Amino acid sequence: MIEKGRLTVRQLASLMFLCTIGEQILFFPSMITSYAKQDAWISSLVGVAGGMGVLLIMLAVYNMNPRLNLIEHVFRILGPWIGAIVSVFYIFYFLISSSTFIREMGDFMGTEILKNSPLWAIHLTFIIALAWGLRSGLPNIGRTAEMFLPLVILFLIILTLCLLPKAELENIKPILGQGLLSPFQGFIAVLTYPYCELCIFMMLLPYTERRTHLKRDFLLMGMIGGLMLTLTLSICLLVLGPFLTQHHWFTSFNLSRMINIGNFLQRIEAFMASVWVIAVFFKTVLFFYSFALGLAHLFRLSSYRILILPSSLLILTFSLLVAPNETFYLKVVIPYWIDWDLTCGIFLPLLLLLLHYMKLRLQKQ
């Protein structure tokens, strides 16, 4: 087995929550509102329920053989040739996802926080932190996530409570005023972002302690993370309305600038930015880990650690080339990304399950 480290169930649950909110804590309100307008909160709630189904599919793939990760399942079920093709597809998905998350972080920091810093410098700094974290090993990543989890939850609760006095119910009326099609499109987007992207946990589950409450905690933290995104989206709609929520790309960050309680508690957007950077770090490092581990399985290496440096340089290059600007990312990348996420998070895992049970049935006959 290439990975020798082990995560506790609590560490896996912490990583699940942080990866569920991930980069979505800033982009989620704008993205879902662009589909469902004032009914985005409905799409989000229904999407969280649908997301539980996606997570159950991932658990079913894991339960086929709890000792094998996703890439090993692909090779075992599809054989060496077709399995290699599907594995390369997943590994490329992990690579581009890691690069895209870093690019999103770079665009945000370059436009909102570090306005005079070159993009490559921001990316390089983040890549160094990711490589250091990956070099430290999977258990250390889990322990760090467990330590940062209460801080992230606290900041999100503070954001919500401080903005409640500015909320207006008129901003989400009329409910279902545009019919059911728009909320359904929003539901598909919620199913994709973030739940299909949690397919990386099929690479982590075999390296988690096998406890009776593993499945419960896995689903529970996925649901809580989705509800936290729904809460953030609802606050954005209630305070800003659907039009401003849709057209502010970093909606929750801009919302945090509006907090002013007694001219004392104000300008806490830096705290919101820190929450986002922490969540993006853990989501990106897990995609980075999955990419390196998948390559190690593909080329039958004894360890993924020797791939950290070349993988870092590759991800850094792709992060600069993945999109020329934010407009290209919004108009071109995201519509196709939904199909890619659905394929990796639902369709291929279902195909693996179907072929697995067909093989079992043929063996019994």
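Shown above is the structure to which this text applies.
A brief report on the enclosed structure follows. Since the structure is predicted, the reported quantities are computational estimates derived from the model, not experimental observations.

Thoughts on the overall build of the protein
Logical step 1: Assigned secondary structure in the protein consists of 12 helices and 2 strands.
Logical step 2: Reading the helices (α) and strands (β) of the protein from amino to carboxyl end gives α-α-α-α-α-α-α-α-α-β-β-α-α-α.
Logical step 3: Rg of the C-alpha trace for the protein: 20 Å, near the compact-globule value of 21 Å for 365 residues, within the 12% margin.
Logical step 4: Principal-axis analysis of the C-alpha atoms gives the protein an extent of 65 × 45 × 40 Å.
Logical step 5: Put simply, the protein has 365 residues, and 58% of those count as buried.
Logical step 6: For the protein, the share of sequence-separated contacts (at least 6 apart) that also reach a separation of at least 24 residues comes to 85%.
Logical step 7: Split by element, the accessible area of the protein, about 15,800 Å² in all, is 68% carbon and sulfur.
Logical step 8: Here the protein contributes 25 positive and 17 negative side-chain charges, whose respective centroids are spaced 11 Å apart.

Re the packing of aromatic side chains
Logical step 1: Inspection of the entire model under this criterion finds 17 aromatic pairs.
Logical step 2: Their ring planes at 65 degrees and their centres at 6.1 Å tell us that Phe-94 and Phe-287 sit as a pair that is edge-to-face. Residue Phe-94 is found in helix 4 (residues 70-113), and its partner Phe-287 is found in helix 10 (residues 269-298); the two are separated by 193 residues along the sequence. Residues Phe-94 and Phe-287 agree in their burial class; the two are buried.
Logical step 3: Grouped by ring-pair contacts, the aromatic residues Phe-89, Tyr-90, Phe-92, Tyr-93, Phe-94, Phe-101, Phe-287, Trp-337 and Trp-340 constitute a single cluster.

Looking at the pattern of salt bridges
Logical step 1: The full count for this structure, using the stated rule, is 5 salt bridges.
Logical step 2: Measuring nitrogen to oxygen at the nearest pair gives 3.3 Å for the salt bridge that ties Arg-211 to Glu-209.

Remarks on the nonpolar core
Here is a general trend for soluble globular proteins: nonpolar side chains tend to be buried in one another's company.
Logical step 1: Residues Leu-55, Phe-94, Phe-201, Phe-218 and Leu-286 are the most contacted members of the largest nonpolar core, which totals 134 residues.
Logical step 2: If you tally residues by element for this core, the top one is helix 10, at 19 residues.
Logical step 3: Dropping the residues within four chain positions of it, Phe-218 is found in contact with Leu-12, Met-16, Leu-55, Leu-59, Phe-201 and Leu-205.

Remarks on the environment of Leu-134
Logical step 1: Positionally, Leu-134 belongs in helix 5 (residues 119-136).
Logical step 2: Separated by 53 residues in the primary sequence, Leu-134 and Phe-187 have C-alpha atoms spaced 34 Å apart.
Logical step 3: Not counting chain neighbours up to four residues away, the residues in contact with Leu-134 comprise Ile-141, Val-285, Phe-288, Tyr-289, Tyr-304, Arg-305 and Ile-308.

Some words on a positive patch on the surface
Logical step 1: There is a patch of like positive charges on the surface, built from Lys-4, Arg-6, Arg-67 and Arg-210.
Logical step 2: On the secondary structure map, Arg-6 appears in the segment before helix 1 (9-21).
Logical step 3: Judged by relative accessible area, Arg-6 falls into the partly exposed class, the value being 36%.

Observations concerning the packing of helix 10 against helix 11 (residues 308-321)
Logical step 1: Contact geometry of helix 10 with helix 11 gives a least axis separation of 10 Å together with a crossing angle of 125 degrees. As the angle between them shows, helix 10 and helix 11 are arranged oblique. The handedness of the crossing between helix 10 and helix 11 is right-handed. Every residue of helix 11 that contacts helix 10 at Phe-288, Phe-291, Ala-292 and Leu-295 is listed here: Ile-308, Ser-311, Ser-312, Leu-314 and Ile-315.
Logical step 2: Across the contact of helix 10 with helix 11, the residue classes break down as 7 nonpolar, 2 polar and no charged.

What to know about the side chain of Thr-230
Logical step 1: In this fold, Thr-230 is placed in helix 8 (residues 214-247).
Logical step 2: Discounting residues that sit within four places of it in the chain, Thr-230 has contacts with Trp-41, Ser-44, Leu-45 and Val-48.

About the thresholds
Residues numbered from 1 in each chain as written. Predicted model: local features only at pLDDT ≥ 70, side-chain atom pairs only at ≥ 80, totals over all residues. Heavy atoms only, no water. Helix = DSSP H or I, 4+ residues; strand = E, 2+ residues; numbered from the N terminus. Rg over C-alpha atoms; globule rule 2.2 N^0.38 Å. Buried < 20%, exposed > 50% of the residue type's maximum accessible area, 1.4 Å probe, protein only. Contact = heavy atoms within 4.5 Å. Areas by Shrake-Rupley, 256 points an atom, 1.4 Å probe, with all protein chains shown as cover. Lys, Arg positive; Asp, Glu negative; His and termini not counted. Charge placed at Lys NZ, Arg CZ, Asp CG, Glu CD. Phe/Tyr/Trp six-rings, centres within 6.5 Å; stacked < 30°, edge-to-face > 60°. Salt bridge = Lys/Arg side-chain N within 4 Å of Asp/Glu carboxyl O. Core = buried A, V, L, I, M, F, W, Y, C linked by side-chain atoms within 4.5 Å. Patch = residues over 30% accessible without salt bridge, like charges linked within 9 Å, V, L, I, M, F, W, Y side chains within 5 Å. Axes fitted to C-alpha atoms, helices over the stretch in contact; angles between N-to-C directions. Parallel < 35°, antiparallel > 145°, perpendicular 65-115°, else oblique. Left-handed = near helix turned anticlockwise from the far one by under 90°. Nonpolar A, V, L, I, M, F, W, Y, C, P; charged D, E, K, R; others polar.

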